[in-house]
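Results of the structural survey
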Amino acid sequence: MLKIENLHVSYGGIKALRGISLEVPDGKIVTLIGANGAGKSTTLRTISGLVKADSGSITYDGQELLGKPINKILEAGIAQSPEGRRVFANLTVLENLKIGAYLRKDKDGIEKDLKWVYELFPRLEERSWQLAGTLSGGEQQMLAVGRALMSRPKVLMMDEPSLGLAPLVVQGIFDIIRTINKEGVTVLLIEQNANMALKVADLAYVLETGTITKFGTGAELLADESIKEAYLGKS
Ligand code: ATP
């Protein structure tokens, strides 16, 4: 289990996370919803080791991750598919995917997982020699997820996978999240699209200005009147 306890993070004088605690049990899909600037990306970036915390603890299976370098966190089995589809534009799809496996030495395993990613995203296989920068937005998002999967993570953290995508493509991404999870990968998902996120999630946390204000099953929060009003709009 990935466990965050009393995590405080600030940027200069600005407090982004004010003592949040949350748990991501193995095999589950957990979502973190909240308005712009609530601290969702900061949470993921701190878990990944990209942002330093002021205090608190982040453990995976009891092992402290806070303060560890990025590659150690990846080695522990936690990978992030970043917001904004940060793929390497001047490299091919295949090269991007191989970068996802850069810490691994098991050649056979890497080949197997490349097949796995191509099964999940046949579009990537069709375009394996295409430069990533010329892919469509949805395809780049698939590549970002595929690249993260190439590290064979135990926990996949996804930052706004549906951002800027057409509704049909969004549905496809959420189907893939379910499939990946069924195949044994735990998912921690951040989404602006709270409606879709709560539908797919086993467990959900609401983050407001750096504080967790609500926790429940996805279904519970979907039915919660205050959540409906604040995050679900008319969708
Ligand atoms: P969004 O949905 O808009 O991406 P978020 O919930 O992911 O928002 P964060 O990106 O985690 O929010 O930001 C939390 C707060 O920290 C915001 O007030 C933001 O302006 C601030 N912040 C984030 N990154 C930095 C940074 N590198 N330097 C200074 N302040 C930052």
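For the structure itself, consult the block above.
Structure report, in brief. Fair warning: this is a prediction, and the values are worked out from it, not measured in the lab.

Definitions and limits used
- Residues numbered from 1 in each chain as written.
- Predicted model: local features only at pLDDT ≥ 70, side-chain atom pairs only at ≥ 80, totals over all residues.
- Heavy atoms only, no water.
- Pairing = 2+ DSSP bridges.
- Helix = DSSP H or I, 4+ residues; strand = E, 2+ residues; numbered from the N terminus.
- Salt bridge = Lys/Arg side-chain N within 4 Å of Asp/Glu carboxyl O.
- Buried < 20%, exposed > 50% of the residue type's maximum accessible area, 1.4 Å probe, protein only.
- 1 Å grid on protein atoms, 1.4 Å probe; cavity = no way out; pocket = protein on both sides within 12 Å on 5 of 7 lines; lining within 4 Å.
- Points joined across faces, edges and corners; volume = space filled by probe spheres on them.
- Nonpolar A, V, L, I, M, F, W, Y, C, P; charged D, E, K, R; others polar.
- Near = heavy atom within 4 Å.
- Polar contact = N/O pair within 3.5 Å; in protein donor to acceptor, adjacent residues only side chain to side chain.
- Areas by Shrake-Rupley, 256 points an atom, 1.4 Å probe, with all protein chains shown as cover.
- Patch = residues over 30% accessible without salt bridge, like charges linked within 9 Å, V, L, I, M, F, W, Y side chains within 5 Å.
- Lys, Arg positive; Asp, Glu negative; His and termini not counted.
- Charge placed at Lys NZ, Arg CZ, Asp CG, Glu CD.
- Axes fitted to C-alpha atoms, helices over the stretch in contact; angles between N-to-C directions.
- Contact = heavy atoms within 4.5 Å.
- Phe/Tyr/Trp six-rings, centres within 6.5 Å; stacked < 30°, edge-to-face > 60°.
- Lys NZ or Arg CZ within 6 Å of the ring centre and 35° of its normal.

Turning our eyes to something else, we now look at the pairing of strand β10 (residues 211-217). The pairing of strand β9 (residues 203-208) with β10 spans 6 bridges and is antiparallel. Bridge assignment links Leu 207 to a residue of β10, and that residue is Ile 212. The antiparallel hairpin formed by β9 and β10 contains 2 residues in its connecting segment, where Thr 209 sits at a positive phi of about 30°.

Attention now moves to the pattern of salt bridges. The tally for this structure, following the rule as stated, stands at 9 salt bridges. Across the pair Arg 104 and Asp 113 runs a salt bridge, and its minimum N-O distance is 2.7 Å. Exposure remark for Asp 113: the relative accessible area of 4% places this residue in the buried category. Measuring nitrogen to oxygen at the nearest pair gives 3.6 Å for the salt bridge that ties Glu 139 to Arg 127. Linking Glu 139 in helix α6 (residues 137-149) with Arg 127 in the loop between α5 (122-126) and α6, this pair joins segments that are 12 residues apart in sequence. Among the charged side chains, a salt-bridge network with shared partners connects Arg 104, Asp 106, Asp 113 and Arg 152.

Attention now goes to the layout of surface pockets. Of the voids in this model, the largest pocket is the one considered here, and its volume is about 540 Å³. Around the largest pocket sit 23 residues that line it, and Ile 70, Leu 74, Gln 80, Pro 82 and Arg 147 are the ones nearest its centre. Looking at the lining of the largest pocket element by element, the count peaks at 4 residues for strand β6 (residues 78-81). Taken together, the residues of the lining of the largest pocket sort by class into 12 nonpolar, 6 polar and 5 charged.

For the rest of this paragraph, the subject is the site of the ligand. Within the structure, the ligand sits among Tyr 11, Ala 16, Ala 35, Asn 36, Gly 37, Ala 38, Gly 39, Lys 40, Ser 41, Thr 42, Glu 160 and Gln 192. Contact distances for the ligand include 3.1 Å between an oxygen atom and a backbone N or O atom of Ala 38. Coverage of the ligand by the protein chains reaches 60% of its 630 Å² of free accessible surface. Considering each element in turn, the shell around the ligand owes the most residues, 3 residues, to helix α1 (residues 40-48). The class makeup of the residues in the shell around the ligand is 4 nonpolar, 6 polar and 2 charged.

Here the focus is a negative patch on the surface. On the surface, a cluster of negative charge is contributed by Glu 119, Glu 125, Glu 126 and Glu 183. For Glu 119, a relative accessible area of 62% corresponds to the exposed category.

This part takes up the sheet that holds β9. An order of β6-β7-β8-β3-β9-β10 is seen for the 6 strands of this open sheet, with the pairing classed as mixed. Edge strands, defined here as strands with exactly one partner in the open sheet, are β6 and β10. Taken over all neighbouring pairs, the strand axes of this sheet differ in orientation by 20° on average, direction set aside. Relative to the sheet, α6 contacts β6 and β7 (155-159), its axis offset from that of β6 by approximately 170°. Taken strand by strand, helix α10 (residues 225-232) contacts β3 (29-33), β9 and β10, and its axis lies near 65° from that of β9.

Assignment of secondary structure puts Gln 80 in strand β6. Within the local environment of Gln 80, its side chain forms a polar contact with the side chain of Ser 48, the two groups lying 2.5 Å apart. If near-sequence neighbours (up to four positions away) are discounted, Gln 80 is found in contact with Leu 44, Arg 45, Ser 48, Leu 50, Ala 148, Met 157 and Asp 159.

What follows deals with the side chain of Thr 92. Mapping Thr 92 onto the fold places it in the loop between β6 and α3 (93-100). Discounting chain neighbours no more than four positions away, the residues touching Thr 92 are Ser 128, Trp 129, Gln 130, Leu 131 and Ala 132.

Under the counting rule described, the total for this entry stands at 1 aromatic pair. Taking NZ or CZ as reference, Arg 152 lies 4.0 Å from the ring centre of Trp 116, over its face.

For the rest of this paragraph, the subject is the pairing of β3. Counting buried residues along β3, 5 of its 5 residues qualify, which places the element largely inside the surrounding structure. What you see with β3 is no split at all: Ile 29, Thr 31 and Ile 33 on one side and Val 30 and Leu 32 on the other are buried throughout. Both β3 and β9 contribute to a ladder of 4 bridges, which runs parallel. Residue Leu 32 lies in a different strand from β9, and its bridge partner there is Tyr 205.

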